[in-house]
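Summary of structural features
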Amino acid sequence: MIRAAGRGKRTAALVSLPVLPLAWFVALQEHPPWMPAAYLAYLLIVIVVPGTMFWRRLTGGAGWLSADVILGTAFGLAVEALLYPVGMLFDMPFAALLMPALALGMWRGLPRRKLPERPTPWWSMAGAMVAVGVAAAWFVRVGSQLIPLNGSDALRPNSDTPHNLALAGEVTHHFPPKIPYADGGWLTSHWAAYEHIASAHWITSVPLDVLTHRMVPFAWILLTVLGAAAVGMLLTGRAVAAPIAAGLVVAGGDLVAWPWAVSDRVFADGPFSLSGLSNPPQAFSTVLLLPLIAVTALLLRRRVGTTRAELFRLFVVAGVLIAALALTKATTLPVYATGLAVAWIYLTVRRGRLNLRALVLGVGVAGAYTLTFFFVLRGAASSVRFDPGATFESLADRMGGGSAVAMVAVVVVVGWAMPVVGALLITRRVARDPMVVFLVAGFVAAVLGASLLADRGDTQLFFVRTGFIFGVLLATWGLGSLERRHYWVAGIAVAIGVAAIYWGRYRSPKSCTTANCFGQGLAVALVIAALGIGVFGLVLRGSRRTWAVIAVAVLVGTTVSPTVASVRRFANPPLTSYESIAPGGIEAARFIRRNSGSNDRIATNVHCHQPRASHCQTGSYWIAGYAERRVLVEGWAYRARVDDTYPAGVQGPYWNQDELRLNDEVFSNPSRQLIETLRTTYGVQWLLLDERVSAPPKNLDKLTELRFQLGTVRVYQIYPPPPENSFPTRTPSPTGSPTPGFPTQTPGFPSSTPGSPSTSFPTGTQSPGQTQSTQPSTTPTFPTTPVPTQITTTPGLKSP
């Protein structure tokens, strides 16, 4: 990967290369070592090596082996996203293990050719590894603290965390997926990001919550940093672009994160924000978008000597990436498609004939989007509406009033556009490249989408988060076009911009509620930046190019501090003031998961995010998330985040009131006929009752078996009615559990050694093909009488 002579080569080998595995294990040090090791082995064997082989043989390579490995890894994730659902249709959740064999077969089947390749200088790789080290340090300090997995804080998440876990559990065990927390309709949202989590869960046995909230987000952050570096090298043709792009991803941002906005996590728009951790589809879409931009460049630039067979392979790669993106995030392909459409018009007008390559890509995007709308989203109407300025009105309202809407709009748009100023350094000759047009058009489309559209959950802001990478690549292209003598000038100028924004933000009040207050800090920062540009330029007495370098570098530097400051403020988890998860609820859900089959269903009296609240926010998903089982009716406000930030979230009534009434009646006035209806008609085998919502009926433990009790949670299991014969014994449980009153083990006896991986299916579940458990439970069970009010168990793993 690195070719250098003498001391440079040794330095790169000894310093740069170990950074990745070291950063990986340091950032995930809170977990038992086997977990990060197992996932890393899965990533290398199943994704990295096959993906790199696919990428290099189909595309011909990017010109650097280091870039091919990174882009190939992202392409391998796209192949996995398309292969996993096919495997699940045939009850083969381990389908990703076929990828090494497929890669080897393709490698031997396609004609071999010597790929043109340039060495990656050691300093380029070392610079990118510095950015990786910063990303790992950020994850240790901030990222791993934003979503608690254990302790009392784990009981107070907003609705995003258990919602993601519920979707990951659903994709793990069922395909096509349904709404796991309101089992009665098909899942009408994008689910491809959860397929990688599910596949890794099956093959590595790493617990699902650890993958969803720790390992997979961190891996995607690293791939975003390195992927931007690889695409920057491909676009510019220069190795210096790698550390520039990686550094901008880590430190770059916008001007929005001033004190009035820092407290609101939605306005940290880079990968290093809560949205990068709490929204797997957005993070995964950025990873997939980078190789798609790379293969788009290979197609639109028309390499000399490209044969029809090679062109077909490039379209195959683009098709796989477009299909995977269509299944991942709704806000990514529109930004890409807009840039592609403008580039197609530019190429057609410039050359005087129809550009077929861009047209074929556009048709592919339209086809993928259409199929996704009808077969994945199932024609569900979008809640996004055309409402120009609504985003800025929302910002002004959060400042305390609507009097500063114009000021907010100006500063926010300028802040969003700031990372793209680096494009001003692109030379005129390079500016004719269609990829410059593509990136500029995509970036403008992202800003317009966030400014003109609106949604009750502010999902329009994801357009900007997609456009962030377009701005990074444009700034990288401009800074990467400099002559060597200009880099020390750019470095000092960036430092001036950082100092200006630090001072301006330091001087600004801690809270702003008026337009004047809002503008004070920004005005101070811009005045300092202007003075810095003028003084530094006069000292150097340089050419126009030197003045341009100074001005652009200072402006890019002003984007650094606000992003870092806003992320640091989020080091404390964004928790609710109440326990949205019942005490003992996580343990109870995991108990059901260990003792049930993948098709078992749960009924519960939990519907509200806050128990016994005057306004019931029906955004409860934690039972489906931690149990990895479908719940008859738990929550249904899945289109809006539910936490203290949204106290009056928009929600409607449940779509099947008869089903909801039947579900709730079993926890208020149960009867044998009612329970039998739940068991036979709706397939319910388990009841989970939270005493904070309603007290347990006196006769419920007589009609069912109390299997688990901890905190405020009780778990009951439903059995078939006894046969009408002279023998008073109860028939065996459909899940293979013992006859009531005869526990298989003493309560509290651990089923496995703490810290060791499971030896059966991941997290003790059954394979997707099984409808119920058929073997007696090997985990602790709890007799019906007597049942202690609190059960103390020997602690095992920190996660399921």
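A short tour of the structure in this document, coming up. Here the residue index of a chain counts from 1 through its sequence in written order. Residue-level local features of this predicted model are given only where pLDDT is at least 70; pairs of side-chain atoms are given and counted only at 80 or more, and the full residue set underlies all totals for whole chains, interfaces and linings. Excluded from the side-chain calculations are hydrogens and water; all other atoms, namely the structure's heavy atoms, are used.

**Quick notes on a positive patch on the surface**
Let me state the cut-off plainly: For patch building, the residue pool is restricted to those with more than 30% relative accessible area and no salt bridge; the joining distance is 9 Å between like charges and 5 Å between nonpolar side chains (Val, Leu, Ile, Met, Phe, Trp, Tyr). To measure how exposed things are, a 1.4 Å probe is used in the Shrake-Rupley method; for residues, cover is taken only from the protein chains shown. Salt-bridge detection follows one rule: a side-chain nitrogen of Lys or Arg within 4 Å of a carboxyl oxygen of Asp or Glu. When charges are counted, Lys and Arg contribute as positive and Asp and Glu as negative, whereas His and the chain ends are disregarded. One atom stands in for each charge, and that atom is NZ of Lys, CZ of Arg, CG of Asp or CD of Glu. Helix numbering and strand numbering both begin at the N terminus, where a helix is a DSSP run of H or I of at least 4 residues and a strand a DSSP run of E of at least 2.
Taken together, R302, R350, R351, R353, R429 and R432 make up a surface patch of like positive charges. Note that R351 resides in helix α15 (residues 333–351).

**Some thoughts on the environment of P696**
Quick note on the threshold: Residue contacts are defined here by distance: any two heavy atoms, one from each residue, within 4.5 Å place the two residues in contact.
By the secondary structure assignment, P696 is in the loop between β5 (684–690) and α30 (700–703). In this structure P696 touches L689, E691, R714 and Y716, once residues within four positions along its chain are discounted.

**As for the side chain of T172**
Formally: The classification of residues rests on relative accessible area computed with a 1.4 Å probe and restricted to protein chains. Under 20% of the type maximum is buried, over 50% is exposed, and intermediate values are partly exposed. Two N or O atoms count as a polar contact when they lie within 3.5 Å, although within protein this holds only if one can serve as hydrogen donor and the other as acceptor, and sequence-adjacent residues are included solely when both atoms are side-chain atoms.
Note that T172 resides in helix α7 (residues 160–173). A relative accessible area of 0% places T172 in the buried class. Within polar-contact distance, the side chain of T172 engages the backbone oxygen of A168 at 2.6 Å.

**Some points on the packing of aromatic side chains**
Convention followed: The rule is short: rings of Phe, Tyr and Trp, with Trp giving its six-membered ring, pair when the centres are within 6.5 Å, and they are stacked under 30 degrees, edge-to-face over 60, tilted in between. Ring-over charges, as used throughout, are those where CZ of Arg or NZ of Lys falls within 6 Å of the ring centre and within 35 degrees of the ring normal.
Tallied over the full model, the rule gives 19 aromatic pairs. Between W138 and F139, the ring centres sit 6.3 Å apart and the planes meet at 55°, which makes this aromatic pair tilted. Pair check on accessibility: W138 and F139 agree, each one buried. Every member of this aromatic cluster is reached through a ring pair, and the members are W24, Y39, Y42, W138, F139 and F218. In this structure, K178 packs its charged tip against the face of W186, placed 4.9 Å from the ring centre. Over the aromatic face of F462 sits the side chain of K329, whose NZ or CZ is 3.9 Å from the ring centroid.

**Describing unusual backbone geometry**
A cis amide bond, omega 0°, links F175 with the succeeding residue P176. Relative to the elements of secondary structure, P176 occurs in the loop between α7 and α8 (192–204). The phi dihedral of S205 is positive, around 65°, even though this residue is not glycine. Tracing the chain through its elements places S205 in the loop between α8 and α9 (208–236). Backbone geometry places E628, a non-glycine residue, at a positive phi of 55°. Here E628 shows up in the loop between α27 (622–627) and β4 (630–631).

**So, the sheet that holds strand β7 (residues 713–717)**
Let me state the cut-off plainly: Criterion used throughout: strands pair if DSSP finds at least two bridges between them.
The five strands lie next to each other as β4-β3-β5-β7-β6, forming an open sheet whose pairing is mixed. Unpaired on one side and paired on the other, β4 and β6 (705–710) mark the two borders of the sheet. Where strand β3 (residues 601–604) and β4 come together, two bridges link them in parallel fashion. Looking at β4, one finds that R601 is bridged to R630.

**Description of α8**
Rules: Every helix has an expected span of 1.5 Å times one less than the residues it contains.
Taking 1.5 Å per residue as the helical rise, α8 with its 13 residues ought to reach 18 Å, and the 19 Å between its terminal C-alpha atoms agrees with that figure. Every buried residue of α8 is accounted for by A192, A193, Y194, E195, H196, I197, A198, S199, A200, H201, W202 and T204. Contacts from the buried residues of α8 go to α3 (34–59), α4 (65–89), α7, α9, α13 (280–300) and α14 (308–326). Immediately downstream of α8, the backbone of S205 shows phi near 65°, a positive value.

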